[in-house]
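Given next are the chains, with one letter for each unit.
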Amino acid sequence: MEITFAAAIYLLIWWTVLFAILPFGVRTHEEAGEEPVPGAAESAPHTPHLLPKVVATTIVSSIVFALVYAIIVGRVITLDDIPFLPRYEHIQ
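Residues numbered from 1 in each chain as written. Predicted model: local features only at pLDDT ≥ 70, side-chain atom pairs only at ≥ 80, totals over all residues. Heavy atoms only, no water.

A. Up close: the overall build of the chain. In terms of helices and strands, the chain carries 3 helices and 0 strands. Element order for the chain, N to C, with α for helix and β for strand: α-α-α. Taken over the C-alpha trace, the chain has a radius of gyration of 21 Å; the compact-globule value for 92 residues is 12 Å, which it surpasses by more than 25%. Counting only C-alpha atoms, the chain reaches 75 × 25 × 20 Å along its principal axes. (Helix = DSSP H or I, 4+ residues; strand = E, 2+ residues; numbered from the N terminus. Rg over C-alpha atoms; globule rule 2.2 N^0.38 Å.)

B. Structural view of the nonpolar core. One finds Ala6, Ile9, Ile13, Val17, Ile21 and Phe65 forming the largest nonpolar core, which totals 6 residues. With 5 residues, helix H1 (residues 3-21) is the largest single contributor of residues to this core. Setting aside anything within four residues of it in sequence, one finds isoleucine 13 in contact with Ser61, Val64, Phe65 and Val68. (Core = buried A, V, L, I, M, F, W, Y, C linked by side-chain atoms within 4.5 Å. Buried < 20%, exposed > 50% of the residue type's maximum accessible area, 1.4 Å probe, protein only. Contact = heavy atoms within 4.5 Å.)

C. View of H1. In this model H1 runs 26 Å from its N-terminal to its C-terminal C-alpha over 19 residues, within 8% of the 27 Å that 1.5 Å per residue would give. Residues of H1 that are buried: Ala6, Ile9, Ile13, Trp14, Val17, Leu18 and Ile21. Packing partners of the buried residues in H1 comprise helix H3 (50-73). (Expected span 1.5 Å × (residues − 1).)

D. Structural context of the packing of aromatic side chains. Summed over all chains, the structure comprises 4 aromatic pairs. Taken together, a centroid distance of 5.3 Å and an interplanar angle of 85 degrees make the contact between tryptophan 14 and tryptophan 15 edge-to-face. Tryptophan 14 sits in the buried class, given a relative accessible area of 15%. The partly exposed category is assigned to tryptophan 15, whose relative accessible area is 44%. What links up through ring pairs into an aromatic cluster is the set Tyr10, Phe65 and Tyr69. (Phe/Tyr/Trp six-rings, centres within 6.5 Å; stacked < 30°, edge-to-face > 60°.)

E. Structural context of the layout of surface pockets. For the largest pocket, the calculated volume is near 190 Å³. Lining the largest pocket, in full, are Phe5, Ile72, Arg75, Ile77, Thr78, Leu79 and Ile82. (1 Å grid on protein atoms, 1.4 Å probe; cavity = no way out; pocket = protein on both sides within 12 Å on 5 of 7 lines; lining within 4 Å. Points joined across faces, edges and corners; volume = space filled by probe spheres on them.)

F. Highlighting unusual backbone geometry. The phi angle at histidine 49 is positive, at roughly 50 degrees, despite the residue not being glycine. Here histidine 49 shows up in the loop between helix H2 (29-32) and H3. Positive phi outside glycine occurs at arginine 75, with the angle close to 55 degrees. Along the polypeptide, arginine 75 turns up in the segment after H3. Of the residues examined, arginine 75 reaches a relative accessible area of 64% and is grouped as exposed.

Distances and angles like these do not, on their own, reveal function.
See the structure below:
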C-alpha cells in the first residue's frame, strides 16, 4: 500500500469517525440551564468539547485504519470477492 493511498484512506476514516463522534455528550444551553446566546440556534451546543472528541476520533480512526490496512495488505478481501463489481473476462 502506497503512503498516499494509506493517507487518503486514513483521512476518509478520520472524518467519518469525527462526524459519528460529534453528537456524543452534546448538551444545549437549555439542557445546561443557561440562557442561549442571542442569534445562536437553539440546538447549538453549550460547550462542544472538541479537543476530547478529536483525541477520541484519532484513537478510533487509528484502530479502524489498522483493521482496514490488515485486510488490504493481507488480502483477506480482494476485489474479486466483492459480488456486485462487474467481471471482465479476457477475450482470446
